[in-house]
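# Understanding the architecture of this molecule
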Amino acid sequence: MGSQPHDLPPMPVPATAAGREGLEALLRTPRRAVVALDFDGTLAEIVPDPDQARAHPAAVPALAELAPRVDAVAVVTGRPAGVAVRHGGFAGVPGLEHLVVLGHYGAERWDAVTGSVRAPAEHPGVAAVRAELPGFLDAIGAWRGTWIEEKGRALAVHTRRAEDPEAAFQALREPLAELAARHGLMVEPGRAVLELRPPGMDKGVALTEFLAERDAEAVLYAGDDLGDLAAFSAVEKRRADGLPGLLVCSGSAEVPELAARADLVLPGPAAVTAFLARLAAALRDA
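A brief report on the enclosed structure follows. Once a new chain begins, its residue numbering starts again from 1 and follows that chain's sequence as written. With pLDDT at 70 or above as the cut-off, local features in this predicted model cover only qualifying residues; side-chain atom pairs require 80 or more to be listed or tallied, and sums for whole chains, interfaces and linings still use all residues. Side-chain numbers here rest on the full set of heavy atoms in the structure, without hydrogens or water.

### Section: unusual backbone geometry
Inclusion rule: Runs of E in the DSSP output that reach at least two residues are strands. Runs of H or I that reach at least four are helices, and both are numbered from the N terminus. Under the scheme applied here, a residue whose accessible area is under 20% of the maximum for its type counts as buried, over 50% as exposed, and between as partly exposed, the area being computed with a 1.4 Å probe on protein chains only.
Of note in the backbone geometry, Ala 192 takes a positive phi value of approximately 60° without being a glycine. Along the chain, Ala 192 falls in the loop between β8 (186-189) and β9 (193-197). Among the residues examined, Ala 192 registers a relative accessible area of 13% and is labelled buried. The backbone of Asp 215 sits at a positive phi, close to 55°, despite the residue not being glycine. Within the secondary structure, Asp 215 is located in the loop between α6 (203-214) and β10 (218-223).

### Quick notes on the sheet that holds β8
Spelled out, the test is: Two strands are counted as paired when DSSP detects at least two bridges linking them. A fitted line through C-alpha atoms represents every axis, and for helices the fit uses only the stretch in contact; the resulting angles, taken between N-to-C directions, go from 0 to 180 degrees. We call two residues contacting when some pair of their heavy atoms lies within 4.5 Å.
Strand order in the open sheet formed by four strands is β6-β7-β9-β8, and the pairing between neighbours is antiparallel. Taken across any chain shown, the strands that pair with only one partner, and hence form the sheet edges, are β6 (147-150) and β8. Ignoring which end each strand starts from, the neighbouring axes of this sheet average 25° apart. The sheet contacts of helix α4 (residues 124-139) involve β6, β7 (155-158) and β9, and relative to β7 the element is tilted by about 20°. Sheet strands in contact with helix α5 (residues 165-182) are β7, β8 and β9, and its direction is about 5° off that of β9.

### Re the packing of aromatic side chains
This is how it is decided: For Phe, Tyr and Trp, where Trp contributes only its six-membered ring, two rings pair if their centres lie within 6.5 Å, and the inter-plane angle classes them as stacked under 30 degrees, edge-to-face over 60, or tilted in between. Sitting over a ring, as applied to charges here, requires NZ of Lys or CZ of Arg to be within 6 Å of the ring centre and within 35 degrees of the ring normal.
Applying the stated criterion across every chain yields a total of two aromatic pairs. Pairing Phe 39 with Phe 90 gives two aromatic rings, centres 6.1 Å apart and planes at 85°, and the pair type is edge-to-face. Remark: Phe 90 occurs in the loop between α3 (81-88) and β3 (100-103) and Phe 39 occurs in the loop between β1 (33-37) and α2 (59-66); sequence separation between them is 51 residues. Note on Phe 39: relative accessible area 0%, which makes it buried. Where Tyr 221 meets Phe 232, the ring centres are 6.2 Å apart and the plane angle is 90°; that geometry is what we call edge-to-face. Highlighted residues: Tyr 221 in strand β10 and Phe 232 in helix α7 (residues 229-240), separated in sequence by 11 residues. For Tyr 221, a relative accessible area of 0% translates into the label buried. Above the ring of Tyr 105, the side-chain terminus of Arg 197 is found at 3.9 Å from the ring centroid.

### Some details on the pattern of salt bridges
The criterion, for reference: The salt bridge definition used is simple: a Lys or Arg side-chain nitrogen within 4 Å of an Asp or Glu carboxyl oxygen.
Tallied over the entire structure, the rule returns 21 salt bridges. For the salt bridge of Arg 191 with Asp 224, the shortest nitrogen-to-oxygen distance reads 2.3 Å. Taken together, the residues span a long stretch of sequence, with Arg 191 in the loop between β8 and β9 and Asp 224 in the loop between β10 and α7 at a distance of 33 residues. By the burial criterion, Arg 191 is buried, and Asp 224 matches it. Of the charged contacts, one joins Arg 284 and Asp 285 as a salt bridge, the two residues approaching to 3.4 Å between their closest N and O atoms. The structure contains a network of salt bridges with shared partners spanning Glu 65, Arg 69, Arg 284 and Asp 285.

Okay, structure coming up:
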């Protein structure tokens, strides 16, 4: 794996044989490897106000070192692609000239090459729910401690500020699912958040399509939340078909389902970005 700079600890070893095979394949043939990463909770710390979330200070430097050494780096996020680019500070960075951001679970795409976002028309159900949601929350007595995040092509109801965030989250799951279904939408649960969005696209679909586009021979995917389970499933399916892959969980006790399926669990964005920097160093020194 090459020598490590003195300020970087040794490369962590995945806990599973499949994960070790995935890491070895990435290091052996990096020019055919895709590195795909969630944003919030993986490259950026989770904060009470998502508008204040920013990429970890070490994230962009690590990605700028890593990206030229692999086939492709993609950020796969539930956020609008343009918001992820701004909050990540990804635009105009040397080394990230070919970065791709797949926003809204892949419904939107930003390419650093063009600096533009491609996106379909808004689902009509989103506009209907946008108008109905404030009164709906008020009518069911759920307004106190919850708040709505406008995501352009989706809406999210956060419970992190509630007196009991988990109880508020569970109490809202069924009513919001019914509201979403009436307007042809679905509910995507996350960490103290329920997102109402159009069906038909998820991180698994987005990642599968991107891997096919790149004709990848190895893949690393890192995420932290329930929305990343679909991407984990996509990597597991491709591994069954013979594509080596490494699944990384940006560890949190809030989402044990993801940690249980990961090959490597790292304690949050600081550790994830340090791992990306170690990968870049190993590939540089190989």
